Amino acid sequence: WLKTSGHTAMEKRPSTSRRKGKLKRFLLRYFPPGIILEYEFKGHRRTKPIDLLDLNEHTDVEVLINIIIRQEPLISEKRRPILRQLIAKLSSKLESKATGNYKLDKLLQAHILPLTNCAFNKSGDRFITGSYDRTCKVWDTHSGKEILKLPGHKNVVYAIAFNNPFGDRIATGSFDKLCKIWDSNDGKLIHTLQGHQKEIVCVGFDPQGAILATGSTDCTAILWDVENGKALFTLESHEAEIVSLHFNTEGNLLVTGSFDNTAVIWDVSTGQSLHVLDGHNGEISSTQFNFAGVHHSRRIY
């Protein structure tokens, strides 16, 4: 019931020779339940998940903490108090029961033209909207007030995404064939990514926030290095528009769905096609890996 980076809870703690990286902070993941470690290794920010899929009210928290500390080299004994607090917070969230009663909280006049998409950051305290007015806006969820406006595209802003779980970067894909990466804190434009020949209709960050994928009506997807804004690979296999893409949990695989009735699974490290899935008789409109990253859904029901 505990998994971290592919090792089960019964495995022994790695030797000290493998204790590389400096832990920077913990991030809570409510669903599926787990803790994400953000650490620094050779000057680069990286993440590592600790999955707590079977955490419940009967879990012995102290035993669980002992297993985590024994198994995970990044977590020292002095982190025990904060680890206890995090697991208690997760348990509390899992035990809370939804009432099933919902009401309209706010109605925002967000843009002067129709919206195309919206997306929350991980904590849910901010969300973004894209519009036919060629802008993306950042909003405060609780107050409903506009925080930032991201102008610069010359056509419809159709695809938008946060680099969750971090939430400090926003990607916008547009019918102007460009993708832009923004700082979500101050609205500063970081990179303009140029490489597609037609409209960009889907974008997504990998779980580590290091790679961005863009999909286009030019039948290709492109993998980009978020730090320097350079293209890593152009993924060419589809014969029609790519309208959906999604990274698996580890970030080593990408699935793309297309109007050519197929989905393709790609190796992110090489840009090579691993599998072409051709069981549908019509256009694919959505793709998604399951949490384990082994299977994915290719239909909207």
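Note that this is a predicted model, so its numbers are computed, not measured.

As for the sheet that holds strand 18 (residues 242-247)
As summarised here, the arrangement of the four strands in space is 18-19-20-21, forming an open sheet in which the pairing is antiparallel. In this open sheet, the two edge strands, each paired with only one partner strand, are strand 18 and strand 21 (272-277). Ignoring which end each strand starts from, the neighbouring axes of this sheet average 20° apart. Looking at chain direction, strand 19 (residues 253-258) and strand 20 (residues 263-267) are connected through five bridges and run antiparallel. In the strand pairing of strand 20, G257 is matched with A263.

Here we look at the nonpolar core
Counting 20 residues, the largest nonpolar core has I35, L52, L83 and I87 as the members making the most contacts within it. Within the residue set of this core, elements represented by two or more residues are strand 3 (22-29), strand 4 (34-41), helix 1 (61-71) and helix 2 (80-95). Discounting residues that sit within four places of it in the chain, L83 has contacts with F26, I35, I65, I68, I69 and I75. Grouped together as the second largest cluster of nonpolar side chains are 14 residues, V201, L223, L235 and V264 included.

As for the confidence of the model for the protein chain
In the predicted model, the protein chain carries a mean pLDDT of 88, and 88% of its residues have values of at least 70. For residues 3-19, every residue scores under 50 in pLDDT, and the model assigns this stretch 29 contacts once sequence neighbours within four places are set aside. Between residues 295-301, whose pLDDT stays under 50, and residues either more than four places distant or in other chains, the model counts 24 contacts.

Things to note about a nonpolar patch on the surface
A cluster of nonpolar residues, I112, L113 and Y132, forms a patch on the protein surface that exposes about 340 Å² of accessible area. Mapped onto the elements of the fold, L113 is located in the loop between helix 2 and strand 6 (115-120). Judged by its relative accessible area of 40%, L113 falls in the partly exposed class.

Concerning the pairing of strand 13 (residues 189-194)
In this structure, strand 12 (residues 178-183) lies alongside strand 13, joined through five bridges in antiparallel fashion. Residue pairing for strand 13: W182 is matched across the bridge by L189. Turn length for the strand 12-strand 13 hairpin, with the two strands adjacent in sequence and antiparallel, is five residues, and the turn residue G187 shows positive phi of about 80°.

Let's talk about the sheet that holds strand 17 (residues 231-236)
Sheet strands pair via backbone hydrogen bonds, and the direction of the pair is either parallel or antiparallel. Reading across from one edge, 14-15-16-17 is the order of the four strands in this open sheet, with antiparallel pairing throughout. Bordering the open sheet on either side are strand 14 (200-205) and strand 17, each of which pairs with just one other strand. Averaged over all adjacent pairs, the angle separating strand axes in this sheet is 20°, with direction ignored. By the bridge criterion, five bridges tie strand 16 (residues 220-225) to strand 17 in an arrangement that is antiparallel. For I222, the partnering residue across the bridge sits in strand 17 and is T234.

Comments concerning unusual backbone geometry
Cis peptide bonds are those with omega within 30 degrees of zero, and the linkage from N164 to P165 qualifies with 15°. Positionally, P165 belongs in the loop between strand 10 (157-162) and strand 11 (169-174). Positive phi values are uncommon outside glycine, yet K42 reaches one of about 55°. Backbone geometry places K177, a non-glycine residue, at a positive phi of 75°. With respect to the helices and strands, K177 occurs in the loop between strand 11 and strand 12. Note on K177: relative accessible area 39%, which makes it partly exposed.

What to know about the side chain of T172
Looking at where T172 falls in the secondary structure, it is placed in strand 11. Under the relative-accessibility criterion, T172 is labelled buried at 1%. At 2.9 Å, the side chain of T172 forms a polar contact with the side chain of W182.

What about the side chain of K180?
Locating K180 in the fold gives a position in strand 12. The side chain of K180 is buried and forms no salt bridge, while D176, the nearest opposite charge, is found at 5.9 Å. Within the local environment of K180, its side chain forms a polar contact with the side chain of T192, the two groups lying 3.0 Å apart. Apart from residues no more than four positions distant in its own chain, K180 is found in contact with G152, H153, I170, A171, T172, L189, H191 and T192.

Considerations on the pairing of strand 11
In terms of burial, strand 11 is largely enclosed, as five of its six residues are buried. Strand direction decides the pairing type here: strand 10 and strand 11, joined by five bridges, are antiparallel. If you follow V157 over to strand 11, its bridge partner there is S174. Where strand 10 hands over to strand 11, the hairpin turn is made up of six residues, of which G167 adopts a positive phi near 75°. In the sheet, strand 11 pairs with strand 12 via five bridges, with the strands oriented antiparallel. Bridging from a neighbouring strand, G173 pairs with C179 of strand 12. Between strand 11 and strand 12, which follow one another and run antiparallel, lie three residues, and K177 among them has a positive phi close to 75°.

Procedures and definitions
Residues numbered from 1 in each chain as written. Predicted model: local features only at pLDDT ≥ 70, side-chain atom pairs only at ≥ 80, totals over all residues. Heavy atoms only, no water. Pairing = 2+ DSSP bridges. Helix = DSSP H or I, 4+ residues; strand = E, 2+ residues; numbered from the N terminus. Axes fitted to C-alpha atoms, helices over the stretch in contact; angles between N-to-C directions. Core = buried A, V, L, I, M, F, W, Y, C linked by side-chain atoms within 4.5 Å. Buried < 20%, exposed > 50% of the residue type's maximum accessible area, 1.4 Å probe, protein only. Contact = heavy atoms within 4.5 Å. pLDDT = per-residue confidence, 0-100. Patch = residues over 30% accessible without salt bridge, like charges linked within 9 Å, V, L, I, M, F, W, Y side chains within 5 Å. Areas by Shrake-Rupley, 256 points an atom, 1.4 Å probe, with all protein chains shown as cover. Salt bridge = Lys/Arg side-chain N within 4 Å of Asp/Glu carboxyl O. Polar contact = N/O pair within 3.5 Å; in protein donor to acceptor, adjacent residues only side chain to side chain. Lys, Arg positive; Asp, Glu negative; His and termini not counted.

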